[in-house]
Every structure is written in structure tokens, then in C-alpha cells.
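# Descriptive analysis of the structure
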Amino acid sequence: MNRYPRWKYFVIVIALVLGLLYSLPNFFGEVPAVQISPANSVVQIDQALLRQVEDDLKQQHIPYLGIISDASGIKVKLTDTDTQLKTKDELQRALGDNYTVALNLLSASPDWLSGIGALPMYLGLDLRGGVHFLMQVDMRAALNKQLDRQTNDVRNALRDAKIPLGGVSREGQNLVVKFKDAETRTQGGEELRKSLRDMTGVQLDETRIALTLTPEALKKFQDSAIQQNVLTLRNRVNELGVAEPIIQQQGLDRVVVQLPGVQDTAKAKDILGRTASLEIRMVDEEHADLQSLQNAARGLVPPGDEFYPSGRDGQPLLIKKAIILTGENISNASAGFDGRTNEPAVHINLDTRGARIFAQVTRDSVGKRMAILLIEKGKGEVVTAPVIRQQIDGGQVQITGRMSVKDANDVALLLRAGALAAPMEIIEERTIGPSLGAENIAKGVHSVLWGFVAIAIFMSIYYRIMGLFSTLALAANVLLLVALLSLMQATLTLPGIAAIALTVGMAIDANVLINERIREEIRAGQSPHAAIHAGYEHALGTILDTNVTNFIAGVALFAYGTGPVRGFAVVLCLGIITSMFSAILVSRALVNLSYGRKRKIDHLSI
Amino acid sequence: MEFFRFKRDIPFMTYARSTTVVSLITFILAVFFLATKGLNFGVEFTGGTVIEVHYQQAEEPAQVQGALEKAGILDSAVQNFGTSSDLIIRLPLKEGVSSAQLSETVLGALRAAQPDVELRRVEFIGPQVGKELVSDGSIALALVCAGIMIYLAFRFEWRFAVAAIIANMHDVVIILGFFSFFQWEFSLTVLAAVLSVLGYSVNESVVVFDRIRENFRKYKKQSVAEIINNAITATMSRTIITHGCTEMVVLSMLLFGGETLHYFALALTIGIVFGIYSSVLVSSPLVMWMGATRAHFIRADAAAQSANVKS
């Protein structure tokens with residue numbers, strides 16, 4: 001009657017072993033480490049870099065516990081915080097500005113555990129300390145800027161078509177175009193419809209037309225604006241040397257920036273709020289020979305030039321100081337393919353002023369190179385330096401040549417990200433000091449621990465052996481929950497720990513239901529075996545019902561909660577799933593294992 | 001060991017009128033406080049800045065406030081937080097002042113007055129975020145109610161769904177009433193606690209309803225009141241033990257969880273206590289008065305059976 005087939009025990013044992021394995025890393029604690037990640041898209045993390053780091057460490061006689069290379073960068077585990085600081089400085093010096101070397105804490109669990117993907121739980125900012133910003137992108141301001149740019153396009157389109165224009169002005173989110181009379185208005189409207197594809201017009205009165213962006217163009221504009229802001233922020237955060245920054249779009253017009261471990265909020269805010277600019281300048285072809293470049297590297301830079309020791313492909317360049325265009329004139333940049341050769345390419349759209357200047361410059365400089373530079377903090381970086389093949393009219397620029405698709409994407413993003421597309425404002429800030437984080441962990445862990453101990457003592461006294469089984473099942477529940485949270489790398493917050501505690505308190509309900517039912521059946525005169533069987537059977541429906549209602553609450557909290565509350569909801573929902581498994585299957589397995597073999601139980605300890 | 005062993009069913013339903021009156025009075029009081037005093041919403045909802053600082057030794061809030069006033073911050077509210085050396089500074093939202101500058105100014109002013117001050121936590125919430133949280137919170141509450149009602153209506157019968165949700169909304173309103181009366185800070189974590197109480201205390205009603213349904217099937221002769229009395233008595237032990245266990249954990253949070261979990265645990269405690277009361281003494285009489293009869297059960301039962309081939 002109370003027997004499980006062998007496979008059921010097997011499944012339970014496997015689940016528990018996996019649970020133990022994946023929750024194990026949480027018990028090892030952390031060791032200091034430094035993390036090396038690329039500071040820009042020019043460089044990559046590869047085997048060569050790994051070897052270089054290893055050689056550097058050996059040369060400097062820095063002892064280290066291990067080196068890990070993964071998608072986010074190279075991580076070096078170290079013995080103590082003093083070595084950590086020394087190593088950071090040493091590696092930063094050796095690797096140069098193309099890499100960010102940041103302090104980090106890594107799990108001290110053995111490598112074979114990390115190898116099977118067993119990592120400690122991912123702690124939220126309230127537990128590890130750090131800064132959280134929620135930034136609102138001012139789309140209205142960005143749109144206004146875009147419309148201001150387009151007034152030029154309107155003027156030029158009408159000038160080219162030789163239609164007299166009364167005036168263009170931006171009113172709200174519209175461009176109002178004024179004509180002399182109804183006839184020119186009709187002609188003008190026709191012309192604008194043809195040449196400005198992403199705008200639609202409405203006739204206001206006899207002489208005026210109001211232009212707005214089409215919904216598609218508006219959406220595209222907003223998407224690219226926020227993407228651009230995210231990329232710019234990411235580039236800036238790289239400078240801060242944060243080990244695991246999170247920069248994400250949230251909703252339509254918001255960006256979340258989380259910087260674990262950062263305490264200097266003033267500096268973080270300063271860097272996040274800074275503006276960068278993009279400049280297009282000519283490469284000095286008269287001094288492009290090896291001799292001039294070598295001289296320049298020694299400091300003999302020709303007058304009117306600036307020396308850039310490493311361009312995009314690593315070649316040194318001498319670039320003229322005179323600025324041809326700035327990022328202001330670039331209205332869009334996207335990655336794509338060359339129409340004829342199918343090579344990856346970057347397409348750049350210039351506004352009308354930019355197009356005019358560009359046409360002039362390219363006419364005079366066919367065969368020469370022009371450089372696109374990203375200027376931040378007065379320091380420039382060469383994004384790309386293509387050769388001009390022919391005169392470029394109309395402001396549609398295409399850059400091709402020895403680029404992978406990824407390169408093209410990077411360049412396009414960098415071009416767009418040069419400056420923030422839209423102004424941003426911090427609408428939420430949370431800073432948690434590191435000591436508070438550690439305290440929060442201790443408080444949370446104590447709450448769970450003592451709550452568990454109290455329940456364990458009570459259950460074992462009140463229900464005796466059956467209570468002990470319930471307690472073991474509850475322990476299995478916590479184990480599985482922690483393992484699941486570690487495996488999913490869901491963010492654990494203090495409310496999340498509270499949810500673990502609450503799960504412990506609520507999961508015991510299932511076992512109480514079962515035990516009470518068994519007692520009742522025994523009172524009703526059933527044999528112990530029949531009582532156990534009936535107890536589990538009858539309680540099952542009720543347990544399902546109660547868990548479903550809890551689950552509904554958890555899902556709603558997840559859907560509409562933010563930040564820490566969402567962490568609470570995740571744990572609550574996962575806890576319900578694990579508690580169903582452990583309260584029903586694990587406790588039953590224990591009961592079956594100890595009582596199932598006996599033909600008759602004289603006395604059930606309950 | 002056994003705490004609860006009842007020889008005879010306790011006639012809960014005969015006291016139904018008086019128990020409902022008691023809960024009605026509590027409910028009306030809670031609504032009254034909510035209407036007159038309102039909730040003391042935390043910074044997440046109202047917007048503003050909260051700065052928590054730690055000193056090496058005890059520090060008077062008035063002194064800190066004085067230091068801030070010298071720096072031109074006149075509208076701060078300073079309180080002790082947990083211990084006498086931990087302080088919390090609240091600043092309202094101000095037009096045109098960015099959070100970035102504000103927290104730096106505050107810290108600068110505090111450092112000038114007492115160099116050993118340590119910044120523990122800064123929270124700045126803009127006005128738009130707060131408004132969204134209020135609306136999101138309300139949506140979540142409505143969703144939980146709707147979800148639970150639909151589930152219960154499907155699993156039992158609509159009368160049970162309505163009775164359970166009334167009983168549980170009554171719990172929620174009473175929790176809010178407490179927070180209003182004592183002017184405890186109503187934060188996002190408390191909202192999470194309130195919502196989980198909603199999910200949790202419905203459990204209680206479900207357990208009783210389950211037993212009522214079973215009894216209707218088993219005892220063909222008894223009256224509805226007798227059946228409900230028996231169901232409540234039979235589940236009594238489980239109710240007290242389960243809630244007692246949950247409360248042990250909640251108490252552990254109250255004792256060890258610190259300030260952040262304090263009100264969370266408090267809300268849960270109130271929710272657990274009133275959850276027992278309401279599901280036993282509010283939802284069951286409601287079911288009776290709404291006229292649940294055996295026929296409803298047999299029909300609902302038949303429907304459930306045809307839907308569920310296994311049973």
C-alpha cells in the first residue's frame with residue numbers, strides 16, 4: 001500500500017543530489033578578484049589576452065588562485081585584498097586604456113562546480129551594496145531636436161523644387177510650413193510628400209501645412225534614441241571600472257543602470273551625465289608615410305595635426321585638427337550591406353547642412369581618407385577611417401571595406417551613440433553601502449534560520465516521527481529552492497530572503513494538513529497503513545487548491561512589482577513549486593521507506 | 001501530543017451573527033481611520049529622498065537637522081532608525097533640484113558637522129515613479145482578487161468565491177487600518193506582504209470549503225449549519241498549527257530581520273491573525289447566508305467530476 005516504485009525514489013534522490021550540488025557554491029563564500037573587460041569595441045577578449053595576463057602575473061610574481069575566461073571578460077582570483085589592489089594597478093598599466101580592470105568578488109567554490117554551471121545566488125544591490133539609477137529619457141526634447149533638424153530638410157526640398165517658401169517653424173511636435181498662396185501650398189505639399197518620406201502633412205488653412213513624423217518614423221526614432229543612450233551609458237560605465245554593470249532599457253523610455261559595489265555616487269553621476277561628441281576630420285595624407293608616423297610617435301607631430309597611435313584597425317594615424325562635421329550633422333547611422341558587392345557596410349545619413357559640406361569635401365578629396373572620431377573628456381578615439389572613393393551627394397554615406405557584420409554594427413552604434421540622443425534625467429536612485437548589504441544578508445539568513453529551527457522543534461515534538469519527516473521535507477524544500485535560485489541566477493534581494501522565510505512558514509502547511517488528516521483517519525479506526533494512504537490522498541486536493549491561490553498572488557506581484565518586490569515574487573512562486581515537490585513526494589518517500597516494508601504497523605508515531 | 005481534540009462540533013454558526021458584527025465593527029473602524037488619517041506612504045509612493053546615515057556614537061536628530069538647516073536644507077525630517085546612532089533623513093520632492101545634487105549636499109553638510117558619518121543608503125524617487133507604483137499596486141491587488149475569485153468559482157461555486165474574497169478583502173482593509181491608525185510607514189515591501197496575505201489567507205477559506213464539500217457528500221441528513229460547524233471544527237487543529245508555524249517564521253523576521261523587514265513582518269502578523277478569524281468566522285457564515293445548499297454542491301460536484309476523469 002505505502003510503497004513507491006523504485007524509479008520514484010530514484011527521481012527524488014536525483015533531485016536532491018542536484019539540489020545539493022547547485023546550492024553548494026553558496027556555502028563557499030567569496031574571494032577577491034580582478035576582472036578584465038574590453039573598454040571599447042575595438043578590442044576583444046581572446047586567448048592571446050589570457051596568455052598576456054598570465055605572463056604579466058608571472059613576471060610580477062603575483063600569486064593567484066585561478067584564471068577564468070568567459071563572455072564577460074577574464075577574471076583572476078586572488079588571495080587577499082592587498083594583492084587585489086596591486087594586481088588591478090599592475091594589469092591596468094600593462095594592458096592600457098583599451099581594457100577596463102575592475103575589482104570584483106568571485107565565488108570561492110572549486111572550478112569543477114563553476115564548470116557545471118553551479119554558481120552562488122545572484123545578489124541584488126540591497127545585499128551586495130552599490131548604486132541603482134533609473135533614468136528617464138526625455139523623448140520630447142529629443143523629438144524637438146530632430147524636428148529642428150528637419151526644418152532644414154524642408155527648406156532645402158522646397159528650394160530645390162524652386163517653390164517659394166513663407167517660413168518654417170516648429171510648433172509643439174509639428175513643423176508648420178507657411179506658403180505665399182494656395183497654389184504654392186499645393187505644389188509645396190506635393191513636393192514635401194515626395195521628398196520627406198517619414199513625415200505626413202495636414203493642411204491647416206489656405207497657406208499653411210503642418211508636418212508631423214509618421215507613427216512608424218516616430219517609433220523608429222524613439223527606438224534608436226533609447227538604444228543610442230544605452231550604448232553611450234555602457235561606454236561611460238566601462239570607464240568607472242565596475243565589474244558587473246547592468247545597463248538595460250526598461251519600458252519605452254527608461255534606462256536602468258546598476259553598478260554593484262560602486263560607492264562613489266558623485267563620480268558615477270558625473271560620468272553618466274557627461275556628454276560626448278563626434279567629429280569628422282581628414283587624415284593628413286601628406287604625412288601618412290612610415291617616417292612621419294614614427295616621428296609623430298616620438299612627439300614630432302606636424303603643425304595642424306593630431307597623432308592617434310591606434311586607429312580602429314590598430315594603425316597609427318595623423319589626423320588634421322580642422323573639423324569638417326560634428327555628430328550634430330549625422331541624423332542616423334545603421335549597419336547593412338553594400339548594394340552591389342554584398343559586403344557589410346555602415347550607412348550614414350547626414351542632415352542637409354552636413355550633406356552639402358560633405359559633397360564639397362568629398363569632391364575635393366577623392367582617394368584620401370577621412371576619420372570619424374569620438375571625443376570624450378577631450379580625448380579622441382578613431383571610430384573608423386575610410387577612403388573616399390567618389391564624391392558623395394545627397395547626404396547618404398556608405399562605408400565599406402574589410403568589415404565583419406559585427407564591426408559594421410559596432411561602428412553604426414558608436415556613430416549613433418557618440419552623443420546621447422536624448423537628454424536623460426535620474427528619476428530614481430538607490431545607494432546601498434557595503435556594510436548595510438552585509439548586514440541585510442545576515443538579518444535575512446537569521447530570520448530564515450531561526451524560523452526554520454522553531455518549526456523543526458515544534459513539528460518534531462508535536463507529530464513525533466511524522467513531524468521529523470515533515471521537517472526533513474522542509475529542509476529539502478529550502479535546499480531545492482536555493483538550488484533553483486542559484487541555477488536560474490535570479491536576483492536575490494532582502495524581500496527575496498523574506499520570501500524564503502515565508503515559504504518555509506507556508507510550505508509546512510501541506511505537511512500539517514497531511515499529518516492532521518492521518519491522525520483523523522486513525523481516530524476513525526483505520527489501520528496505520530490505510531490512514532497514511534488516506535491522509536496523503538485526501539490532503540492532496542486541498543494542498544493543490546491552496547498553492548494555486550498563493551501562486552496567483554505571486555504571479556500578480558511579479559507582473560506589477562518592481563525591483564525588490566519582483567525579487568520577492570520570484571522566490572514566492574519558485575518556493576510554491578519546490579514545496580509541492582518536497583511536501584508531497586519527499587515526505588511520502590520517507591514515510592514509505594520506513595513504514596512501507598512492514599506488513600503491519602503496530603504504532604504510528606504521530 | 002495533541003492540543004485540539006474536540007468531542008463535539010463547536011456550534012460556530014450559532015454565534016455567526018455576533019462574530020460577523022465584531023468583524024464588521026473592526027472593518028468599519030479600519031475604513032474610518034483610512035478615510036480620516038490616510039496611509040503614511042513611504043518614499044517609493046510619494047517621491048522624495050531618504051538618506052540613512054550611521055554615526056560612531058549616538059547622535060541627536062535635532063542636531064543633524066540643525067546641521068542641514070545651516071546648509072540651506074530647511075524641510076528635512078530626521079528620525080532615529082533602529083538604534084540611536086542610526087538616523088534617517090527624509091526630504092520632500094522639490095521642483096528643479098536634482099537628486100544628484102541633493103544627496104551630495106546633504107552628505108557634505110553632515111560631514112562638515114561630524115566627520116565620522118557613514119552613508120548607508122540613499123533612495124531618491126521621482127514623482128512619476130511614485131504615481132506608477134500606486135497604479136501598479138492597485139492593478140496587482142485587483143488582479144489577485146479577480147484571479148482567486150475565478151479559480152474558486154471554477155473549483156467550488158460562485159458563492160464560495162464571493163465569500164472568500166469578501167473575507168480576505170476584509171483582512172486587507174484591516175491591515176491597512178492598522179497601518180493608518182499607527183501611521184506606520186506603508187512601503188513597497190508592506191504592499192508585497194499585503195498581497196501575499198491575500199493569497200495566503202484564502203488558503204484558510206479553501207481548506208474549510210474543501211471540508212464543507214466533503215461533508216455535504218458524506219453526511220446526507222445534516223443541516224447546512226451543522227455541516228459547516230463540523231468542517232470548521234475538523235480543520236481547527238490544522239488551522240491553528242499551520243498559522244502558528246507561519247507566525248513563528250514571521251516572528252523570527254520581526255526579531256532578526258531588522259528595520260527593513262519590520263513592517264513587512266508586522267503586516268503579515270496582522271494578516272495571519274485576522275486571516276484565521278475571517279476565514280472561519282466571516283467567510284463560512286457568508287456562504288451560509290448566501291444560501292449555499294447541498295444541491296449546489298452536488299451540481300458543482302458533478303461538474304467537477306465530469307471535468308476530472310481521475311476522481
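Please read these numbers as outputs of a predicted model, since none were measured by experiment.

## Considerations on the sheet that holds strand S3 (residues 73-78) of chain A
Residue and element names in this part refer to chain A. Spatial strand order, S2-S3-S1-S4: four strands in an open sheet with antiparallel pairing. Every other strand in the sheet has two partners, leaving strand S2 (64-70) and strand S4 (99-107) as the edge strands with one partner each. Neighbour-to-neighbour, the strand axes of this sheet turn through a mean angle of 25 degrees, independent of strand direction. Pairing of strand S1 (residues 30-38) with S3, which is carried by four bridges, proceeds in the antiparallel orientation. Paired with Ala33 across the strands is Lys77, a residue of S3. Lying on the sheet, helix H2 (residues 47-59) is in contact with S1, S2, S3 and S4; it crosses S2 at an angle near 165 degrees.

## Concerning the pairing of S2 of chain A
All names here are of chain A. Direction of pairing for S2 relative to S3: antiparallel, over a ladder of six bridges. What sits directly across from Ile68, in S3, is Lys75. Here S2 folds back onto S3, and the loop between the two strands holds two residues.

## Regarding the UniProt feature "domain: Protein export membrane protein SecD/SecF C-terminal" (unreviewed entry) in chain B
Under the UniProt annotation, the feature "domain: Protein export membrane protein SecD/SecF C-terminal" (unreviewed entry) is placed at residues 109-291 of chain B. The distance from the first to the last C-alpha atom of residues 109-291 of chain B is 67 Å, and the span holds 84% helix and 5% strand.

## Quick look at the domain arrangement of chain A
Entries for chain A in the domain assignment read domain 1 (6-23 + 433-595), domain 2 (30-108), domain 3 (143-215) and domain 4 (278-419). Taken over C-alpha atoms, the centre of domain 2 of chain A sits 56 Å from the centre of domain 3 of chain A.

## Comments concerning the UniProt feature "transmembrane region" (unreviewed entry) in chain A
Residue and element names in this part refer to chain A. Those places that UniProt annotates as "transmembrane region" (unreviewed entry) correspond, in this numbering, to residues 448-465, 472-490, 496-514, 535-561 and 567-591. Overall, residues 496-514 shows 100% helix and 0% strand. The separation of its end C-alpha atoms is 28 Å. As annotated, residues 567-591 comprises 100% helix and 0% strand, and the C-alpha atoms at either end are separated by 34 Å.

## Points about the packing of helix H6 (residues 158-181) of chain B against helix H9 (residues 258-289) of chain B
Residue and element names in this part refer to chain B. Contact geometry for H6 and H9: axes closest at 8 Å, N-to-C directions at 145 degrees. In the crossing of H6 with H9, the sense of the turn from one axis to the other is right-handed. Residues Arg159, Phe160, Ala163, Ala164, Ile166, Ala167, His170, Asp171, Ile174, Ile175, Phe178 and Phe179 of H6 form the contact with H9, whose own contacting residues are Tyr263, Ala267, Ile270, Gly271, Phe274, Gly275, Ser278, Val282, Ser283, Leu286 and Val287. Counted by class, the contact of H6 with H9 contains 16 nonpolar, five polar and two charged residues.

## Regarding the side chain of Ser37 of chain A
Among the structural elements, Ser37 of chain A can be located in strand S1. Look at Ser37 of chain A and you get buried, because its relative accessible area is 12%.

## Considering the UniProt feature "transmembrane region" (unreviewed entry) in chain B
All names here are of chain B. The feature "transmembrane region" (unreviewed entry), as annotated in UniProt, sits at residues 12-35, 137-154, 161-182, 188-209, 240-257 and 263-289 in this numbering. Annotation note: span residues 12-35, helix share 83%, strand share 0%, distance between end C-alpha atoms 32 Å. Segment residues 161-182 splits into 95% helix and 0% strand. End C-alpha atoms: 32 Å apart.

## Structural notes on the interface of chain A and chain B
With 67 residues of chain A in contact, the opposing surface of chain B contributes 67 residues. Here chain A and chain B share an interface that buries about 5,700 Å² over both sides, 62% of which is from carbon and sulfur atoms. Counting every contact that joins chain A to chain B gives seven salt bridges. In this structure, the connection of chain A to chain B is made through 23 residue pairs in polar contact (both at pLDDT 80 or more). Where the side of chain A that touches chain B is concerned, the elements lending two or more residues are strand S6 (130-137), helix H9 (265-272), strand S21 (424-432), helix H13 (434-462), helix H15 (494-523), helix H16 (528-560) and helix H17 (563-595) of chain A. A per-element tally of the side of chain A that touches chain B places H15 of chain A first, with 17 residues. Tallied by class, the residues present in the side of chain A that touches chain B amount to 34 nonpolar, 17 polar and 16 charged. Bridge analysis of S21 of chain A against strand S5 (residues 118-125) of chain B gives five bridges, and the strand direction is antiparallel. The residue bridging Glu428 of chain A from the neighbouring strand is Ile125 of chain B, located in S5 of chain B.

Rules used in this analysis
Residues numbered from 1 in each chain as written. Chains lettered and ligands numbered in written order. Predicted model: local features only at pLDDT ≥ 70, side-chain atom pairs only at ≥ 80, totals over all residues. Heavy atoms only, no water. Pairing = 2+ DSSP bridges. Helix = DSSP H or I, 4+ residues; strand = E, 2+ residues; numbered from the N terminus. Axes fitted to C-alpha atoms, helices over the stretch in contact; angles between N-to-C directions. Contact = heavy atoms within 4.5 Å. UniProt positions renumbered as here; feature names shortened; annotations may be inferred. Domains from an automatic or database assignment. Left-handed = near helix turned anticlockwise from the far one by under 90°. Nonpolar A, V, L, I, M, F, W, Y, C, P; charged D, E, K, R; others polar. Buried < 20%, exposed > 50% of the residue type's maximum accessible area, 1.4 Å probe, protein only. Buried area = accessible area lost by both parts, 1.4 Å probe. Salt bridge = Lys/Arg side-chain N within 4 Å of Asp/Glu carboxyl O. Polar contact = N/O pair within 3.5 Å; in protein donor to acceptor, adjacent residues only side chain to side chain.

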